[in-house]
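Structural overview for review
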Amino acid sequence: MPKVTLISHTPEPEKTVAAAAKLCYSNTGADKLMENLTADKAAGFVQMLAEIGHESPIEHASFTFAIEGVSRAFLAQITRHRIASYSVQSQRYVNKGQFEYILPPEIEAEPQAKAEFLQAMAEAEHHYERIAEILAGTHKARLLQQGMDEKEAAKKAAKMAIEDARFVLPNACDTKMVVTMNARSLLNFFRHRCCSRAQWEIREVADEMLRQVCQVAPNLFAQAGPPCVSGPCPEGKMSCGEMLKVRERYIQMKTGEVE
Ligand SMILES: Cc1cc2nc3c(=O)[nH]c(=O)nc-3n(C[C@H](O)[C@H](O)[C@H](O)COP(=O)(O)OP(=O)(O)OC[C@H]3O[C@@H](n4cnc5c(N)ncnc54)[C@H](O)[C@@H]3O)c2cc1C
């Protein structure tokens, strides 16, 4: 089960966006930008930006998430979103002996598939440890020959060994990261990844990210979610055909009626 935590965000995100919009549409100076900018007025500016499709002011609000308990397959997908900043646990420096892995629910539900999966994980772990051990021995011998002292050589050799041993680790291997996106990039992320065509793991994380940002900036994300939340489904033949159900689900999520 992925764990998503909104660890920080631009203070008063909607007010910040509203100040940027106010600057665009009036001759207010910097010293007066935040003046009289009540929550209601900020909401009005944010709604107006959404209506006219003026998206650049919403780039001034950023949101930072810690995401844990996700697979390397998830990592490959989320990092395709280029308008974001990422810090990811390194497999070069963290020893993955006895690694944790993500067991997809569909595999868990099928005993034969689950047994195959668990065997594959155990084998990957065994090969990882053996390769690391063999390489560490080779590296250490060479470093000792080069005159390095025993303790330092062992430490350096172990580090060098896991750099290559990690090549046998599977997509299921668990990882964690910190991700920052601005509101505009998040809206694009939610459009792609909350859609039922997205893969289950990234969809689960995207839904949770959306739920959490709605608690701190409900107006900014009022129309967020898959495209069918705010308009027609663009998926054509690949549409899930459940637009009304999807819309209802996102309304409930944003109003806090579902967990
Ligand atoms: C259901 C699904 C299936 C997918 N299948 C595949 C697949 O089979 N193979 C695959 O490779 N990917 C696949 N993807 C990934 C997808 O193609 C995008 O790479 C990913 O969703 C990131 O979206 P993005 O480029 O809009 O996001 P970002 O990289 O965050 O970009 C945001 C926006 O900025 C603009 N932008 C960013 N960079 C550029 C640029 N260089 N030039 C012009 N405009 C730019 C674009 O308007 C873009 O929408 C899939 C995604 C989904 C949701």
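This text follows the structure it describes.
For the structure given in this document, a descriptive report is provided here.

Parameters at a glance
Numbering of residues starts from 1 in each chain and follows the order in which that chain's sequence is written. Residue-level local features of this predicted model are given only where pLDDT is at least 70; pairs of side-chain atoms are given and counted only at 80 or more, and the full residue set underlies all totals for whole chains, interfaces and linings. The side-chain figures draw on all heavy atoms in the structure; neither hydrogens nor water molecules are used. Lines fitted to C-alpha atoms define the axes, with helix axes restricted to the stretch in contact, and inter-axis angles between N-to-C directions lie between 0 and 180 degrees. Secondary structure elements follow DSSP: runs of H or I of four or more residues count as helices, runs of E of two or more count as strands, with numbering from the N terminus. Working rule for angles: under 35 degrees goes down as roughly parallel, over 145 as roughly antiparallel, 65 to 115 as roughly perpendicular, anything else as oblique. Left-handed describes a crossing whose near helix is turned anticlockwise from the far helix through less than a right angle; right-handed describes the clockwise counterpart. By definition in these notes, contact holds between two residues if any of their heavy atoms fall within 4.5 Å. With a 1 Å grid laid over protein atoms only, a set of points is called a cavity when a 1.4 Å probe fits there but cannot get out and a pocket when it is open yet has protein on both sides within 12 Å along at least five of seven lines; lining residues have an atom within 4 Å of a point. Grid points are joined across faces, edges and corners, and a volume is the space filled by probe spheres set on the points. When residue character is reported, Ala, Val, Leu, Ile, Met, Phe, Trp, Tyr, Cys and Pro are called nonpolar, Asp, Glu, Lys and Arg charged, and the others, Gly included, polar. Strands were regarded as paired on the criterion that DSSP finds at least two bridges between them.

**Quick word on the packing of helix α5 (residues 111-145) against helix α6 (residues 150-165)**
To characterise two packed helices, one gives the angle between the axes of the helices and the distance between these axes. Their axes nearest at 7 Å, the elements α5 and α6 cross at an angle of 140°. One element, α5, and the other, α6, form an angle in the oblique class. In the crossing of α5 with α6, the sense of the turn from one axis to the other is right-handed. Between α5 and α6, the contacting residues are Y128, I131, A132, L135, A136, H139, K140, R142, L143 and L144 on the first element and E150, A153, A154, K156, A157, A158, M160, A161, I162, D164 and A165 on the second.

**Details of the layout of surface pockets**
Counted as a void, the largest pocket has a volume near 380 Å³. Along the wall of the largest pocket there are 18 residues; nearest its centre are A50, E55, L187, L220 and Q223. Where the lining of the largest pocket is concerned, the elements lending two or more residues are α2 (39-52) and α7 (183-193). For the lining of the largest pocket, the element with the highest residue contribution is α2, accounting for five residues. Residue composition of the lining of the largest pocket, by class: eight nonpolar, seven polar and three charged. For the second largest pocket, the calculated volume is near 310 Å³. Lining of the second largest pocket is provided by 14 residues; of these, H81, N188, R191, H192 and R193 occupy positions nearest its centre. Broken down by class, the residue content of the lining of the second largest pocket amounts to four nonpolar, four polar and six charged.

**Details of the sheet that holds strand β1 (residues 3-9)**
One open sheet holds the four strands; their spatial order is β1-β2-β4-β3, and the pairing between them is antiparallel. Every other strand in the sheet has two partners, leaving β1 and β3 (85-88) as the edge strands with one partner each. Pairs of neighbouring strands in the sheet enclose a mean axial angle of 20°, with direction left out of account. Both strand β2 (residues 62-71) and strand β4 (residues 174-182) contribute to a ladder of eight bridges, which runs antiparallel.

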